[in-house]
Amino acid sequence: MAQKGNPSPPAKPHLLALFSIDSHLKDHEKEILRRYGCFQDLLKHINEHEGGLDAFSKGYDYYGVHRLPDNSIVVREWAPGAEGVYLKGDFNNWALDEKYAFRPMEFGRWELKIPPNADGSCPIQHLCKLKLVMRTKPGPLEDRICPWAQYVSRPKDVPIFEQQFWDPPEEMIYKFKHPHPNRPPALKIYECHVGIASWEGKVASYKEFTQNVLPRIVSLGYNSIQMMAVMEHAYYASFGYQVTSFFAASSRYGIPEDLKELVDTAHGYGLTVLLDVVHSHASKNVADGLNQFDGTNSCYFHDGQRGDHDHWGSRLFNYTSWEVLRFLLSNLRMWIEEYHFDGFRFDGVTSMLYHDHGMGSSFSGDYNEYFGLNTDTDSFAYLTLANYMVHTLYPDFMITVSEDVSGMPTLGRPVEEGGCGFDYRLAMGVPDMWIKLLKEMKDEDWDMGHIVHTLCNRRWSEPCIGYAESHDQALVGDKTIAFWLMDREMYTNMSVLSPRSLVIDRGMALHKMIRLITISLGGEGWLNFIGNEFGHPEWLDFPRKGNAESYHYARRQWNLVDDQNLRYKFLNNFDRGMLHLEAQYRWLSDRENFVSLKHNGDKVIVFDRTDKLVFVFNFHPDKSFTNYKIGVKHPGKYQIVLDTDAEEFGGYGRLDHSTEFWSVSEPWNDRPCHAFVYIPCRTAIVLAKMD
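Because the structure is a prediction, the values reported are computed rather than measured.

Cut-offs used in this document
Residue numbers here run from 1 along each chain, matching the order of that chain's written sequence. Local features are withheld for residues below a pLDDT of 70 in this predicted model, meaning they are given only at 70 or higher, and side-chain atom pairs are given and counted only at 80 or more; totals for whole chains, interfaces and linings count all residues. The side-chain quantities take in all heavy atoms of the structure and omit both hydrogens and water. Helix and strand definitions here come from DSSP, where helices need a minimum of 4 consecutive H or I residues and strands a minimum of 2 consecutive E residues; each element is numbered from the N-terminal end. Put simply, the radius of gyration uses C-alpha atoms, and a globule should come to 2.2 Å times the residue count raised to 0.38. Buried means the residue's accessible area, taken with a 1.4 Å probe over protein chains only, is under 20% of the maximum for its type, while exposed means over 50%, and partly exposed covers the values in between. Only heavy atoms enter the contact rule, under which two residues are in contact if any of them lie within 4.5 Å. For accessible areas, the Shrake-Rupley method is used with a probe of radius 1.4 Å. Any residue's cover is judged against the shown protein chains and nothing else. Positive charge is attributed to Lys and Arg, negative charge to Asp and Glu, and no charge count is given to His or to the chain ends. Where a charge lies is defined by one atom per residue type, namely NZ (Lys), CZ (Arg), CG (Asp) and CD (Glu). Strands were regarded as paired on the criterion that DSSP finds at least two bridges between them. Note on aromatic pairs: the rings of Phe, Tyr and Trp (six-membered ring only in Trp) are paired at centre separations within 6.5 Å, and the planes decide the class, stacked below 30 degrees, edge-to-face beyond 60, tilted for the rest. Only when the NZ of Lys or the CZ of Arg is both within 6 Å of the ring centre and within 35 degrees of the ring normal is a charge said to sit over the ring. To define a nonpolar core, start from buried Ala, Val, Leu, Ile, Met, Phe, Trp, Tyr and Cys residues and group those joined through side-chain atoms within 4.5 Å. Using protein atoms alone on a 1 Å grid, points that fit a 1.4 Å probe yet trap it form a cavity, whereas open point sets bounded by protein on both sides within 12 Å along at least five of seven lines form a pocket; residues with an atom within 4 Å of a point count as lining. Grid points are joined across faces, edges and corners, and a volume is the space filled by probe spheres set on the points. Residue type decides the class: Asp, Glu, Lys and Arg count as charged, Ala, Val, Leu, Ile, Met, Phe, Trp, Tyr, Cys and Pro as nonpolar, and the leftover types, Gly among them, as polar. As used in this structure description, the phrase polar contact means that two N or O atoms lie within 3.5 Å; if the pair is within protein, one of them must be able to donate a hydrogen and the other to accept it, and residues adjacent in sequence are counted only when both atoms belong to side chains. Should a side-chain nitrogen of Lys or Arg be within 4 Å of a carboxyl oxygen of Asp or Glu, the pair is scored as a salt bridge. Note on geometry: axes are C-alpha line fits, over the in-contact stretch for helices, and angles between N-to-C directions span 0 to 180 degrees. Orientation categories follow fixed angle ranges, with anything under 35 degrees roughly parallel, anything over 145 roughly antiparallel, 65 to 115 roughly perpendicular, and all other angles oblique. Each crossing gets its hand from how the near helix is turned against the far one by less than a right angle, where anticlockwise is left-handed and clockwise is right-handed. Any two cysteine sulfur atoms within 2.5 Å of one another count as a disulfide.

A look at the overall build of the protein
Consideration 1: Scanning the protein for helices and strands turns up 15 helices and 30 strands.
Consideration 2: Relative to the globule expectation of 26 Å for 691 residues, the C-alpha radius of gyration of the protein, 27 Å, shows essentially globular dimensions.
Consideration 3: Projecting the C-alpha coordinates of the protein onto the three principal axes gives extents of approximately 90 × 60 × 45 Å.
Consideration 4: The 691 residues of the protein split such that 61% are buried.
Consideration 5: A fraction of 73% describes how many contacts in the protein between residues 6 or more apart in sequence connect residues 24 or more apart.
Consideration 6: Surface accessibility of the protein: about 26300 Å² in total, with carbon and sulfur atoms responsible for 49%.
Consideration 7: For the protein, the distance from the average site of its 71 positive side-chain charges to the average site of its 92 negative ones is 1 Å.

A short note on the sheet that holds strand β16 (residues 308-309)
Consideration 1: Within the open sheet, the three strands sit side by side as β15-β17-β16. Their pairing is antiparallel. Only two strands of the sheet have a single neighbouring strand rather than two, namely β15 (282-283) and β16.
Consideration 2: Inspection of the sheet shows β15 paired to strand β17 (residues 314-315) by two bridges, in the antiparallel sense. Considered in β17, the bridge of alanine 282 is made with arginine 315.

Some thoughts on the packing of aromatic side chains
Consideration 1: In this structure the tally under the stated criterion is 47 aromatic pairs.
Consideration 2: Relative to tyrosine 370, the ring of phenylalanine 363 lies with its centre 6.4 Å away and its plane at 5°, an arrangement referred to as stacked. For the residue pair phenylalanine 363 and tyrosine 370, the accessibility class agrees, reading buried in each case.
Consideration 3: One residue, arginine 500, lies across the ring of tyrosine 652, its end atom 4.0 Å from the ring centre.

Section: the nonpolar core
Consideration 1: In terms of nonpolar packing, the biggest core is built from 190 residues, with Ile225, Tyr300, Trp335, Tyr382 and Trp434 touching the most fellow members.
Consideration 2: In terms of residues, this core owes the most to one element, helix α8 (residues 377-393), which gives ten residues.
Consideration 3: With residues up to four places along the chain from it excluded, the contact list for isoleucine 225 reads Ile189, Tyr190, Cys192, Leu214, Ile217, Leu262, Ala266, Leu271, Thr272, Val273 and Leu274.
Consideration 4: In terms of nonpolar packing, the next biggest core, distinct from the first, is built from 18 residues, Val606, Tyr628, Val632 and Cys673 among them.

Overview of the side chain of threonine 210
Consideration 1: Among the secondary structure elements, threonine 210 is positioned in helix α4 (residues 206-220).
Consideration 2: Excluding residues within four positions of it along the chain, threonine 210 makes contact with Pro215, Leu262 and Thr265.

Brief notes about the side chain of serine 245
Consideration 1: Within the element layout of this structure, serine 245 appears in strand β13 (residues 245-249).
Consideration 2: Residues within four places of serine 245 in sequence aside, it is in contact with Ile145, Val152, Met231, Glu232 and Asp288.

Focus on the layout of surface pockets
Consideration 1: Its boundaries defined by the atoms lining it, the largest pocket holds a volume of some 740 Å³.
Consideration 2: Looking at the lining of the largest pocket, the elements with two or more residues in it are α7 (349-353), α9 (429-440) and α11 (471-474).
Consideration 3: Broken down by element, the residue count for the lining of the largest pocket peaks at three residues, all from α11.
Consideration 4: Split into classes, the residues belonging to the lining of the largest pocket amount to 14 nonpolar, eleven polar and six charged.

As for the environment of serine 250
Consideration 1: Locating serine 250 in the fold gives a position in the loop between β13 and α5 (256-268).
Consideration 2: The class for serine 250 is buried, based on a relative accessible area of 0%.
Consideration 3: Along the chain, serine 250 and serine 153 lie 97 residues apart, while their C-alpha atoms are 8.0 Å from each other.
Consideration 4: Filtering out sequence-adjacent residues up to four positions away, serine 250 remains in contact with Tyr206, Ala229, Val230, Glu232 and His233.
Consideration 5: Here glutamate 232 takes part through its side chain, which lies 3.0 Å from a polar atom of the side chain of serine 250.
Consideration 6: In this structure the side chain of serine 250 is engaged in a polar contact, spanning 3.2 Å, whose partner is the side chain of arginine 252.

Focus on the pattern of salt bridges
Oppositely charged side chains can pair when the atoms bearing their charge come close.
Consideration 1: Following the criterion strictly, the structure yields 48 salt bridges and no others.
Consideration 2: One salt bridge connects aspartate 54 with arginine 333, and the closest N-O pair in it is separated by 3.0 Å. Note that aspartate 54 is positioned in helix α3 (residues 53-56) and arginine 333 in helix α6 (residues 322-337), a separation of 279 residues in sequence.
Consideration 3: Judged by its relative accessible area of 22%, aspartate 54 falls in the partly exposed class.
Consideration 4: On the accessibility criterion, arginine 333 (0% relative accessible area) is buried.
Consideration 5: As a salt-bridge pair, aspartate 308 and lysine 284 come within 3.9 Å of each other at their nearest N and O atoms. Here aspartate 308 is found in strand β16, whereas its partner lysine 284 is found in the loop between β15 and β16, with 24 residues between them in sequence.
Consideration 6: One salt-bridge network, in which partners are shared between bridges, spans Asp22, Asp404, Arg425, Arg459 and Glu462.

Re the sheet that holds strand β28 (residues 661-662)
In a beta sheet, neighbouring strands pair by backbone hydrogen bonds and run either parallel or antiparallel.
Consideration 1: What the six strands build is an open sheet, ordered β23-β24-β25-β30-β27-β28; its pairing is antiparallel. Both edges of this open sheet fall to β23 (593-599) and β28, since each of them pairs with a single strand only.
Consideration 2: Strand direction decides the pairing type here: strand β27 (residues 637-643) and β28, joined by two bridges, are antiparallel. Each bridged residue has a counterpart across the sheet, and for tyrosine 638 the counterpart in β28 is phenylalanine 661.
Consideration 3: The sheet strands contacting helix α10 (residues 448-456) are β23 and β24 (604-609), and the helix crosses β23 at an angle near 160°.

With respect to the packing of α9 against α10
Consideration 1: α10 packs onto α9 with a crossing angle of 155° between their chain directions and a minimal axis gap of 9 Å. The angle between α9 and α10 places the two elements in the roughly antiparallel class. The way α9 lies across α10 gives a crossing that is left-handed. In contact with Gly429, Val430, Met433, Trp434 and Leu437 of α9, α10 contributes His450, Ile451, Thr454 and Leu455.
Consideration 2: Each residue belonging to the contact of α9 with α10 can be placed in one class, and the counts come to six nonpolar, three polar and no charged.

Section: the state of the cysteines
Consideration 1: Inspection of the entire model under this criterion finds zero disulfides.
Consideration 2: A disulfide-free cysteine, cysteine 38 has its sulfur positioned 12 Å from the sulfur of cysteine 420, the nearest such atom.
Consideration 3: Relative accessible area serves as the criterion here: at 24%, cysteine 38 is assigned to the partly exposed category.

Remarks on the environment of alanine 249
Consideration 1: In this fold, alanine 249 is placed in strand β13.
Consideration 2: By relative accessible area, alanine 249 is classed as buried at 1%.

Right under this line is the structure:
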């Protein structure tokens, strides 16, 4: 799958291209060149000493437990702080035997070779349970899980995970049927979590997700899924952000072949599949994870204070270590080569970029905040190298997304320009704005200018994924937008058989408007968290001691949206209509927009997106406007192509969609033409220019 023979990046970045986009970066040319030099030095050493990135990032073929063609076993580990390494397991009745002691090699590596059995069979069978044993420098023997393990599981009622050798027979290995989809013109991401994807109070499986959820995603019109909590994590309630086994697909959802089937089936639907990858930190768990793997505090992590994230309670990787770079880059390669993922959403990028991890930083926009001593150049160089590698080896389909709240300039520009190489960044300020407005203000007091500014406040030519809410807003302790709007009556007044409620009417109207204005003005991509498209009630809370290990809130209640007697179906219908309209007009991939009106008294916002669409929003709680004058770009006929007040979306149906709006060739609000429209209160319409 990897594309070989790609040219090396230029000796110097194309800064003229970078400066033509943002001339203020010229003041920091020296620092940009220095960072690029750090990346170049890493790449040069890899090419000279490791045979290039392709070979260097295949560490999973070298380290870990492998069956060779003659049925012998070879095991290799990197444990520079260990005094000795042993292997034990079902295959030798868990005996600590010198026969299974590793021999030391250079650079802190260890190797063990086990010959075939006398009958020629492999001495370690598929699913055999294994443990590494480290003889630490202080003396004690410590059990460890191989960092490169492909399958780890936890026996029922046992708190510790254990490695199982994954070497299935040929007939069990999943055979991929579909190629990687080409990169979509703009991402429309369905952010999802396999475990919560059932309406039942349980951990759902890869197979259930494949059969039950993928068809829903396709029907709605999403072109991408972003899978969370796939990398194995011992603590389910960590939401997958305390990774313990980086190369293992979580066994709580099924076996690796089931995940391969899920990805392949998604490809058959034409969906791009992104993996939520956590390379910003790792679990402090010693028994299950990387922490103190060789008996020292360092190994994969920085020693001392730099190796600990106090706020997250986790360990921080040492990106200056050769073997750590191999481990992380190989991790990306494995998920692509073995599971056919199409790209990655990198978690916690802000934490990686700054020595203070962005904690307490205001990020006012002053460029000195980004190009000063607080920036962690080692992390920046790793992210640049990772982006360069995956885009060079997989240019046809690879996509990377950064979770960065700081707004670091150049993060979303190509590596050859001196950027970090991400394709998109998350527009993290947008959901924060919506939640703040819903928590602190009545909608009649919302400032239209502030809303527009927040939605448009992003770096030019560094594409953003806009979203109104993600998993962060769904977690216990916060509320989803639907819950902020309607929690008082979501259990009593969502039936179509009961009289309309002012609370539900307001909530559903604003839910649709918030999502529409965000997808149309807030970025060059879109993201929705599983279930939020239909206003999923309640928060998300994983089973833990604090809730008596309950699964009640760790599920998605599909029964609500499927029940034709409940109003959830209307929000679901609107999400489908909104996404299908985007697929028709492709405004996300058209980065031009023009806001012609943000009238705070009327609570009206009007803007163009693409050459054909005009979006009109009336957020006023009780004022409807007839013959409202709006600016449009072109003369001619316009018609309504989307209406949040349509009856199919749970509205009142106050607009006649057969109405033709003819523009007048006289300027208005900095637009060449104008037209008059009827725009009811708490309603948004999309007008399209008819050819």
